[in-house]
Amino acid sequence: MGTRIAGTGVYVPEHVLTNYDLEKMVDTSDEWITTRTGIKERRIAKEESVVFMAKRASEEALEDAGVKPQELDVTVVATITPAKRFPSTACFLQAELSAGGYAFDISAACSGFLYGLELADALIKSGKASKVLVVGAEKLSEAVDWEDRSTCVLFGDGAGAVVFEASDSESDVLAVDLSSDGSLWEILYADSCGYIRMKGRELFKIAVRNMEESCRRVLEKAGVSPEEVKLVVPHQANVRIINSLAQRLGLSEDRVFVNIDRYGNTSAASIPIALHEAIKEGRINRGDIVLMTAMGGGLTWGSALIRY
Ligand code: UT7
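None of the values given here were measured: they were computed from a predicted structure.

### Observations concerning the domain arrangement of the protein
Quite often, the size of an interface is put as the accessible area lost when its parts meet. Examined at the domain level, the protein breaks down into domain 1 (2-167) and domain 2 (173-307). Taking the mean C-alpha position of each, domain 1 and domain 2 sit 15 Å from one another. When domain 1 packs against domain 2, the two sides together hide about 3,900 Å² of surface, and 63% of this comes from carbon and sulfur. By the criterion of area lost to domain 2, the three top residues of domain 1 are C110, L114 and Y115, representing 17% of everything that side buries.

And the structure:
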């Protein structure tokens, strides 16, 4: 039994917050944000709740896949900005979609989508599920201290969704490599109902090193060389991290997908949004090998290699 990527979808809020808008809010500049991070603007949810964003992304992914919500066996939402402490955001999403099966959240910060992908793949390959919806959805604007210039310029809101389904043909998911190290939690965290706190410089170095090692492991597991990778779809935390990673893997920048300039860091939503855009822009076609990699609070990190 193989796991097929059946459909993808995205929702980003309409409201755009530019670096120039931020110049009026904190002591920062478009020049600093652009050169240090690659971000030019981000989307900020006004009316939209995290459930609404997850719903809109899921509806598009389900339609793309030709799957009815009632056919879903499992709905997983990866988020660090849940609608309530409980029930899970996935349960609210299930209700909104009238989805079948069972639903639960994953808390793995920016790596959340990859953790969800691993679960979906394992459930499908073990025969326990045949249709699994994995959503990364974040309303980070509610978790950001808008007076802290070192973090508030980095994050944005949005959602991305992928429908995975069982297939008799070869699996689209070639290999997954996940890690976490809870002893490093203080590098990036938010207290319950508190703001995001980050030791940026420390995290930068760990992110580049850990993502590179994870990428190499996942390629080795699948017996695939970096040259065979059509596109890297990395978590969008900082364009300098992305470029360093590409350089270390010996890949030219045109083989790495970047949309951080438009959305900033959307944590768990980052990879599924980027994957969807890369597919819709024709940067990924059926049969192409795609490498996804992320690093986030926990600390958590990992990679997944797919043949789309
Ligand atoms: O999604 C999870 C994974 N996230 C990451 O991996 C993020 C990793 N870290 C980073 O991306 C970068 O460390 C940041 C973008 C967060 C920061 O960039 P940096 O080049 O590491 O800057 P820094 O923190 O070392 O700060 C350099 C200077 C400081 O001033 P001094 O001490 O040199 O005078 C900061 O106070 O930049 C100052 N600064 C700012 N200046 C203007 C910090 N934030 C700002 C700002 N505007 N928004």
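Next comes the rest of the description.
### Notes on a positive patch on the surface
A cluster of basic residues, R36, R201, K205 and R240, forms a positive patch on the protein surface. Residue placement: R240 occurs in helix 8 (residues 239-249).

### Digging into the side chain of S141
Counting through the fold element by element, S141 comes out in the loop between strand 6 (131-139) and helix 6 (149-152). Taking relative accessible area as the criterion, S141 reaches 12% and is therefore assigned buried. A polar contact is formed between the side chain of S141 and the side chain of D157, at a distance of 2.6 Å. Residues in contact with S141, not counting those within four places in the same chain, are I44, A45, W146 and D157.

### Details of the sheet that holds strand 7 (residues 157-167)
Reading across the sheet, the 5 strands line up as 1-7-6-4-5 and stay open at both edges, with mixed pairing between neighbours. Looking at strand neighbours, the two that pair on one side only are strand 1 (2-11) and strand 5 (102-106), the edges of this open sheet. Neighbour-to-neighbour, the strand axes of the sheet open up by a mean angle of 20°, direction not taken into account. Pairing geometry for strand 6 and strand 7, over 9 bridges, is antiparallel. The residue of strand 7 that forms the bridge with A137 is A159. On top of the sheet, helix 4 (residues 89-97) reaches strand 4 (74-78), strand 5 and strand 6; it is set at about 140° to strand 5, its chief contact.

### Comments concerning the sheet that holds strand 12 (residues 289-296)
Here 4 strands make up an open sheet; going across it, the order is 8-13-12-11 and the pairing mixed. Only two strands of the sheet have a single partner each, and these edge strands are strand 8 (173-180) and strand 11 (231-234). The mean inter-strand angle of the sheet, taken between neighbouring strand axes irrespective of direction, is 10°. Here strand 8 runs beside strand 13 (residues 300-307); their pairing, made up of 7 bridges, is antiparallel. Across the sheet, D177 pairs through a bridge with S303, a residue of strand 13. Each of strand 8, strand 12 and strand 13 touches helix 7 (residues 200-222); the most contacted strand, strand 13, lies at about 35° to it. Contacting strand 11, strand 12 and strand 13, helix 10 (residues 270-280) crosses the sheet at an angle of about 145° to strand 11.

### A short note on the environment of N210
You can see N210 is positioned in helix 7. We classify N210 as buried; its relative accessible area is 8%. In this structure the C-alpha to C-alpha distance between N210 and L119, which are 91 residues apart in sequence, comes to 21 Å.

### Side note on the packing of helix 7 against helix 8
Running from N to C, helix 7 and helix 8 point in directions that differ by 40°, and their axes come no closer than 10 Å. Here helix 7 is positioned oblique relative to helix 8, judged by the angle of their axes. For the pair helix 7 and helix 8, the crossing hand works out as right-handed. Packed against helix 7, whose contacting residues are F204, A207, V208, R209, M211, E212, C215 and R216, the element helix 8 presents R240, I241, S244, L245, R248 and L249 at the interface. Across the contact of helix 7 with helix 8, the residue classes break down as 8 nonpolar, 1 polar and 5 charged.

Reading the values: the criteria
- Residues numbered from 1 in each chain as written.
- Predicted model: local features only at pLDDT ≥ 70, side-chain atom pairs only at ≥ 80, totals over all residues.
- Heavy atoms only, no water.
- Domains from an automatic or database assignment.
- Buried area = accessible area lost by both parts, 1.4 Å probe.
- Patch = residues over 30% accessible without salt bridge, like charges linked within 9 Å, V, L, I, M, F, W, Y side chains within 5 Å.
- Areas by Shrake-Rupley, 256 points an atom, 1.4 Å probe, with all protein chains shown as cover.
- Salt bridge = Lys/Arg side-chain N within 4 Å of Asp/Glu carboxyl O.
- Lys, Arg positive; Asp, Glu negative; His and termini not counted.
- Charge placed at Lys NZ, Arg CZ, Asp CG, Glu CD.
- Helix = DSSP H or I, 4+ residues; strand = E, 2+ residues; numbered from the N terminus.
- Buried < 20%, exposed > 50% of the residue type's maximum accessible area, 1.4 Å probe, protein only.
- Polar contact = N/O pair within 3.5 Å; in protein donor to acceptor, adjacent residues only side chain to side chain.
- Contact = heavy atoms within 4.5 Å.
- Pairing = 2+ DSSP bridges.
- Axes fitted to C-alpha atoms, helices over the stretch in contact; angles between N-to-C directions.
- Parallel < 35°, antiparallel > 145°, perpendicular 65-115°, else oblique.
- Left-handed = near helix turned anticlockwise from the far one by under 90°.
- Nonpolar A, V, L, I, M, F, W, Y, C, P; charged D, E, K, R; others polar.

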